[in-house]
Amino acid sequence: MPAPVAQPKTLYDKIWDDHVIDIDENGQALIYIDRHLVHEVTSPQAFEGLRNAGRPVRRPDCTLATVDHNIPTTSRKNYTTTEKFVAQPDSRAQCTTLEENVKDFGLTYFGLTDRRQGIVHVIGPEEGFTLPGITCVCGDSHTSTHGAFGSLAFGIGTSEVEHVLATQTLLQRKAKNMRVTVEGTLNEGVTSKDVVLHIIGVIGTAGGTGCVIEFAGSVVRGFSMEARMSMCNMSIEGGARAGMIAPDEITFNYLRNRPLAPKGEVWDRAEAYWRTLKTDEGAKFDVEVNIHAEDIVPTVTWGTSPQDVVPITGKVPDPANYTDPSKKAAIERALKYMDLAPNTPMEEVKIDKVFIGSCTNSRIEDLRSAAKIIIAAGPEAHVAEGVYVMVVPGSGLVKQQAEAEGLDAVFKRAGFDWREAGCSMCLGMNEDQLKPGERCASTSNRNFEGRQGPGGRTHLLSPAMAAAAALTGHLTDVRRFLGADAEAKIASGPKLKLANPTEFLTDPVLPPPEPTKKAADAVSAAAAGDAPLPSTESSSKVEKFTVLKGIAAPLHVENIDTDMIAPARFLKVLKRTGLKHALFANLRFDANGQPTDFVLNREPYTHAKILVCDKHNFGCGSSREHAPWALKDFGIMCVIAPSFADIFKNNTFQNGMLPVVLSEEQCAELAQEAEQGLELEVDLEKQEVRRASGKPAFPFQVDVFRRHRLLNGLDDIALTLQKAPQIEEFEARRSQLWPWLDGFGYKGKKIPLSAPKLTNKMDW
Ligand SMILES: CC(C)[C@H](C(=O)O)[C@@H](O)C(=O)O
Ligand code: SF4
């Protein structure tokens, strides 16, 4: 609730303070979650957990589900059922499981026959489900996108998805405040995608770790909502928990008349509150980064990390120019994977495929900017020989609007493939994939090894740059398609009529359906005490962690991302187990499925219980809890590294695993001992890592709250549910102060809370 303004606050401080239900002396807070987006990949285990514990979804009115990652993007003309439409069995199972879950738990769902279906991060804003000042989560790292509206939006793991479904709250610690200010005048051909790629190049993929970034400055203020979303979307690639931009006229104009946005007087009240959501003069930021717009030119990535950026006018870096051995090794590794020779001009890099889509760049403005390049290239413009180009709108509504504007005709005439909405070739979970060795110019957000398909090579860029590459067959400076000549071609080219998005937002807003009898029965069974005890029986059970002794496997790779730890094709599981083979699969097995000489295939490391990585930023990228599940299935319960990405770290704790942070030198020492096959002993009680070599133990720090829970094997959800009175009190105040946050169709009915049995372990 709004506290008296004692000292200047940042935008993040304000939203945080407005959502704290409870906070302990160590800064561990319980915060309320206003909006929860759900998709098929990260939710099955969460719903299973609810079922096992007999818990309902606490706020169906604040929850919105869709299917996006696994689905084919081929025509749905002949769609009859999901069973028949989704050919790949595991993908199909995830989609149909979501269909069942939304029915059982009574959730609003945009399925394959709904024209509002699309990528979660496109449909939330489009519908006005995303609003300024809210907290918004999803089991997906790119939830940061929604921060463009001045909300606190971030990705969570599946255990936390279950926590939010059950309690509408999350256990959080406040992050640091970081501000990235972009001032000046943008160069020709530079879009918000180039700006954010440039920023990530400056701060690095771990630059925002532990922070919430506020994007500010005249350049950001001048951006449309679509452009702002592309920027906030990629805050996670800069390591940040979330990205946000203060709401303003541009935000309000975008939201007005969206189906789920407040209306009439309530809108006026909401807008008055939203106008207070900006950083106060003199507020303190822990980290400040200033970017000059003039320094940015159209940008592409050359390597396998989003920080591997270079101006399109630049060259592939040469490892010989680097003295830092770890930087040199990282470049060599990336160049080998990307099959690029040092010093090759970026414009000479030939491509096989182009992907225009993803939650970064699949909105109407992105499609317009790609189409504009085609028109600017003249009536004969056509996809370069041998190149395949896929255009995938972010939602059914974006598709309809693009068709109404004539964009599809421009694409099709130039030989681009015009598809149905979904995540598509952004990650290798559906049929749209790169073949091994293929090179793609992609408007998505991740260029990790194997991201778009095993062995595939990705160059990230803007939609306009992607269109330019499609036409030439190689990475191309988009400015070759701009200027007076281009303007003349645009003037004489096909006339596109800009449509108003609200024309397409006409579907009625209905209350979520009632849960099916199945779910209702489970809940009353729990209330009657017939259901299993959540803390011991539910699938979200946390095991105790005290002392772990065993073989440690050494790794010397920087920025190990969760796509590497658990590649996308293994995310199609419905359980938390069965992922042993997924672990580092692209490194452990060759194209024929034969084991490689990767460390975990060698003795004694096949029995490793600990992983020691002596390079920074372990676990960056996606929020997939499948990464810790795969480690756990292999038998690894502890990872030691100089630093971890936030979501991965959180996910390990959720699974009774321990992430230990030591200095780079200490990690290197331990990795060396691990190379000799020496065991390590990790003692959580004493907070030290002991070594078989007999050398002094290394003490480590760990969050007090997490340590306590690990040592005692406590279940977060059951403990949070003990705070039901405070949660209810918060909700009552929320309804009074911000009535528009009670979701669509919400009738104010009381949400039943199952009453978990208390044991003496639950000592919050
Ligand atoms: C599947 C999901 C967990 C994942 C994410 O968190 O980002 C995906 O959307 C991705 O882009 O890798
Ligand atoms: S990053 Fe790609 S896979 Fe992940 S939500 Fe966005 S479009 Fe989907």
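Residues numbered from 1 in each chain as written. Chains lettered and ligands numbered in written order. Predicted model: local features only at pLDDT ≥ 70, side-chain atom pairs only at ≥ 80, totals over all residues. Heavy atoms only, no water.

I keep staring at the side chain of Thr-652 and nothing clicks. Help me out?
Along the chain, the position of Thr-652 falls in helix α23 (residues 646-654). Accessibility expressed as a relative area gives 2% for Thr-652, which makes it buried. Those residues in contact with Thr-652, other than ones at most four positions away along the chain, are Pro-628, Met-657 and Pro-659. (Helix = DSSP H or I, 4+ residues; strand = E, 2+ residues; numbered from the N terminus. Buried < 20%, exposed > 50% of the residue type's maximum accessible area, 1.4 Å probe, protein only. Contact = heavy atoms within 4.5 Å.)

Help me understand the environment of Ala-414, please; the structure alone is not making it clear to me.
Structurally, Ala-414 can be placed in the loop between α15 (407-413) and β17 (417-418). Once the C-alpha coordinates of Ala-414 and Pro-379 are considered, the two residues, 35 residues apart in sequence, prove to be 8.7 Å apart. Beyond its immediate sequence surroundings of up to four residues, Ala-414 is in contact with Ile-374, Ala-381, His-382 and Val-383.

Which parts of the structure should I look at to understand the sheet that holds strand β19 (residues 457-460)?
Taken in spatial order, the five strands of this open sheet run β17-β16-β15-β18-β19, and their pairing is parallel. Whereas interior strands pair on both sides, the edge strands pair on one side only; in this sheet they are β17 and β19. When strand β18 (residues 439-442) meets β19, the two strands line up parallel, connected through four bridges. Bridge assignment links Arg-439 to a residue of β19, and that residue is Arg-457. This element, helix α16 (residues 463-472), spans β15 (353-356), β16 (388-391) and β18 of the sheet and lies at about 155 degrees to β15. (Pairing = 2+ DSSP bridges. Axes fitted to C-alpha atoms, helices over the stretch in contact; angles between N-to-C directions.)

Would you mind showing me how to read the site of ligand 1 here?
Inspection of the region around ligand 1 gives 14 residues, with His-69, Asp-140, Ser-141, Arg-451 and Ser-623 positioned closest. Side-chain polar atom of Ser-622 to an oxygen atom of ligand 1: 3.3 Å apart, as the coordinates give it. Considering ligand 1 on its own, with 310 Å² of exposed area, one finds that the protein chains cover 97% of that surface. Taken together, the residues of the shell around ligand 1 sort by class into three nonpolar, seven polar and four charged. (Near = heavy atom within 4 Å. Polar contact = N/O pair within 3.5 Å; in protein donor to acceptor, adjacent residues only side chain to side chain. Areas by Shrake-Rupley, 256 points an atom, 1.4 Å probe, with all protein chains shown as cover. Nonpolar A, V, L, I, M, F, W, Y, C, P; charged D, E, K, R; others polar.)

I would appreciate a short explanation of the pairing of strand β23 (residues 658-661) in the present structure.
Each regular strand shows side chains that alternate between the opposite faces of the sheet. Summarising the sheet, strand β22 (residues 638-641) and β23 pair through four bridges and their orientation is parallel. Counted as the bridge partner of Cys-638 is Leu-658 from β23.

Help me understand the nonpolar core in this model?
The nonpolar side chains of a soluble globular protein tend to be buried, and buried together. The biggest cluster of nonpolar side chains holds 98 residues, and the ones touching the most others in it are Phe-47, Leu-152, Ile-199, Phe-215 and Trp-274. Considering every element that reaches this core, the biggest residue donor is helix α7 (residues 192-203), with six residues. Once you skip the residues sitting within four places of it in the chain, Phe-215 turns out to touch Val-180, Ile-199, Val-220, Met-231, Cys-232, Ser-235, Gly-243, Met-244 and Ile-245. If you look at the next biggest cluster of nonpolar residues, it comprises 59 residues, including Trp-302, Ala-384, Ala-466 and Ala-468. (Core = buried A, V, L, I, M, F, W, Y, C linked by side-chain atoms within 4.5 Å.)

What exactly am I supposed to notice about the packing of aromatic side chains here?
To describe a pair of aromatic rings, one takes the distance between the centres and the angle between the planes. Under the defined criterion, the tally for this structure stands at 16 aromatic pairs. Between Tyr-79 and Phe-85, the ring centres sit 5.4 Å apart and the planes meet at 65 degrees, which makes this aromatic pair edge-to-face. Neither Tyr-79 nor Phe-85 differs from the other in exposure class; each is buried. Look at Trp-267 and Trp-274: their rings are 5.2 Å apart centre to centre, the planes differ by 90 degrees, and that puts the pair in the edge-to-face class. The same class applies to Trp-267 and to Trp-274, which are both buried. In this arrangement the basic side chain of Arg-35 is found over the ring face of Phe-129, its NZ or CZ atom lying 5.3 Å from the centre. In this structure, Arg-258 is placed above the aromatic ring of Tyr-254, and the distance from its NZ or CZ to the ring centre is 3.8 Å. (Phe/Tyr/Trp six-rings, centres within 6.5 Å; stacked < 30°, edge-to-face > 60°. Lys NZ or Arg CZ within 6 Å of the ring centre and 35° of its normal.)

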